[in-house]
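So the chains spell out like this:
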Amino acid sequence: MKRVRLFAMLLSITLFASAAPVTGAHAAQAGSDQGSAKTGIASGQNIAVSEEALAAADGTTKLGWVKKDNNWYYVTAKGNKTGWAKIDGKYYFFNNNGVMASGFIKDQNKWYYLSKSGEMQTYWQKVNGKWYYLDTKTGAMQTGWLKLGQRWFYLDPTNGDLKTGWQKVDGRWYYFDNDGIMYGGPHVYKIDNKYYFFESSGALTNKAGFQTSDLGNTFYTNTDGTIVVSSEIGGKIINAEGVAVNKVDDEMDQKAQWYDSRTKYLVLADLSDHELRVYQGNKGEWTRIKGSWEFSCGAPATRTPCGQFELCYKYPTDYGWKRFEKCKAAYVYWTTAGFMLHTILYDKYAEGDPDYAEIADDRLGMNISMSCIRLETSCARWIYQNIPHQTRLVVYE
């Protein structure tokens, strides 16, 4: 008889153990993902675990995670957990019968997303191919405008899914890239082979007229947000990308209008005509301020390079003197290309004011230097004394 009772007790313990989770195994076996259908509580029978069902062989109640009929419960000495519960540092939600939820749930008019294993999710989550943002502290699903760092996103005001492409919000059009990041402004973007101007708020402009972008370029916008290209309007020439610049009669002055500079000055040097000009203003609105200066440049074996450079370093000696192997030059100004702008050449022992120094070579309008641009002394002096570092230098032929 004792053997029969012992066998019955062991059988009861075995059956009870089969219903208990194995150290977090519920995470792999919890209810199925609810996807984007926000149906609320996880599927399954809403049956509370009875005291009798949890009775152990020694008459005590099983506490902690318990699985019954494919549903998970969390049992305490006071009964099944309901509502929100923090367990091992993670948040879970249980319905009124104690059944653990998964997927989207709505609680007090806010939506939350719980993984298959029941843990409340935060930050970006992709569900059935759509992205949602869940508050990093509360887990509540966000809707409408969302700013993260310096980037703006827009989430559907009803469903919360991240929007991309063209979106009309409060009567204004916005554009969001494939990652949901709003196009900022004031800036011009090319979308489907058309150029559009977005204002500083990010909204597509609805104004007609000239507007300036964050890069300093001028554009002519239409009321539908598109910009005019390849045209002439209001005394300005507009290129194929919509950039508008002043229309001027002189060819070199017109060329200058298309360049920008990090200072209010711009320098152009035409190697073919040995002509240098200085401008003041900004892109598209440069005004020549110093006429045209003749210069000499690199010999055929040491040609002065063409391109866009910057004036970057003034030789720090008195009068900007720099000594070369057989001569000297004053008011030496280095460029980012490695060559220099400076005066005509003087005796290698020259010092003090170059206006009173012995000249070694004052030829201009020729290709004779070691790639440097040589200017008449008064011209080199003016650049040295007035043009700041980071001024754009454009060399062409």
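Parameters at a glance
Residues numbered from 1 in each chain as written. Predicted model: local features only at pLDDT ≥ 70, side-chain atom pairs only at ≥ 80, totals over all residues. Heavy atoms only, no water. Disulfide = S-S within 2.5 Å. Buried < 20%, exposed > 50% of the residue type's maximum accessible area, 1.4 Å probe, protein only. Salt bridge = Lys/Arg side-chain N within 4 Å of Asp/Glu carboxyl O. Helix = DSSP H or I, 4+ residues; strand = E, 2+ residues; numbered from the N terminus. Contact = heavy atoms within 4.5 Å. Phe/Tyr/Trp six-rings, centres within 6.5 Å; stacked < 30°, edge-to-face > 60°. Lys NZ or Arg CZ within 6 Å of the ring centre and 35° of its normal. Pairing = 2+ DSSP bridges. Polar contact = N/O pair within 3.5 Å; in protein donor to acceptor, adjacent residues only side chain to side chain. Lys, Arg positive; Asp, Glu negative; His and termini not counted.

Quick look at the state of the cysteines now. Going through the model one piece at a time under the given rule, you end up with zero disulfides. Cysteine C306 is unpaired, with the sulfur of C297 as its nearest cysteine sulfur at 9.0 Å. The class for C306 is partly exposed, based on a relative accessible area of 38%.

With that out of the way, let us pick up the pattern of salt bridges. Within the structure shown, the criterion is met by 17 salt bridges. The partner of D260 in a salt bridge is R392, with the nearest N and O atoms 2.9 Å apart. Of the two residues, D260 sits in the loop between α3 (251-256) and β21 (265-270) while R392 sits in strand β34 (residues 391-396), which places them 132 residues apart along the sequence. Note on R392: relative accessible area 17%, which makes it buried. Its salt-bridge partner being D361, residue R363 comes within 2.9 Å of it at the nearest N-O pair. Note on R363: relative accessible area 39%, which makes it partly exposed. Owing to a relative accessible area of 15%, D361 belongs among the buried residues under this scheme. Within the structure, one salt-bridge network assembled from shared partners comprises D250, D253, E275, R277 and R288.

The next thing to look at is the environment of A380. On the secondary structure map, A380 appears in helix α4 (residues 377-386). Given a relative accessible area of 3%, A380 falls into the buried group. Taking C-alpha positions, A380 is 8.8 Å from I344, a pair spaced 36 residues apart along the chain. A380 has contacts with Y331, H342, T343 and L375, leaving out every residue within four places of it along the chain.

Bringing the packing of aromatic side chains into the picture now. Applying the stated rule across the entire model yields 32 aromatic pairs. On the numbers, 5.7 Å between centres and 75° between planes, the contact of Y189 with F198 is edge-to-face. Aromatic side chains F197 and F219 sit 6.5 Å apart centroid to centroid with 55° between the ring planes, which places their arrangement in the tilted category. Here F197, found in strand β15 (residues 194-198), pairs with F219, found in strand β17 (residues 218-221); they are 22 residues apart in sequence, far enough to count as distant. Side by side, F197 and F219 carry an identical accessibility label, which is buried. When the ring centre of F210 is taken as origin, the NZ or CZ atom of K236, which lies over that ring, is 5.9 Å away. Just above the ring of Y396 sits the side chain of K255; from NZ or CZ to the centre is 4.6 Å.

Our next topic: the sheet that holds strand β3 (residues 79-80). Here three strands make up an open sheet; going across it, the order is β1-β2-β3 and the pairing antiparallel. The strands lining the two open edges of the sheet, one partner per strand, are β1 (64-68) and β3. For β1 and strand β2 (residues 71-76), the ladder comprises five bridges, and the chain directions are antiparallel. Bridge pairing in β2 places V66 opposite Y73.

Attention shifts here to the side chain of Q211. Considering the arrangement of structural elements, one finds Q211 in strand β16 (residues 209-212). Among the polar contacts made by the side chain of Q211, one reaches the side chain of T205 at a distance of 3.0 Å. With residues near it in sequence (within four places) discarded, Q211 still touches F197, T205, N217, T218, F219 and T221.

Turning our eyes to something else, we now look at the side chain of K328. Summarising the element assignment, K328 is placed in strand β27 (residues 327-329). One buried charged side chain, K328, makes no salt bridge at all; its nearest oppositely charged neighbour is E351, positioned 5.6 Å away. A polar contact of 2.6 Å, which involves the side chain of K328, links it to the backbone oxygen of A350. Residue contacts for K328: discarding those within four places in its chain leaves W321, K322, R323, I344, L345, Y346, D347, K348 and A350.

On to the pairing of β34. Of all six residues that make up β34, six are buried, and the element is covered over most of its length. Residues T391, L393 and V395 point to one face of β34 and R392, V394 and Y396 to the other, with burial holding for every one of them. Taken together, the five bridges between β21 and β34 define a ladder with parallel strand orientation. When the bridges of β34 are listed, V267 appears paired with L393.

Bear in mind that shape data such as this cannot, by itself, settle questions of function.
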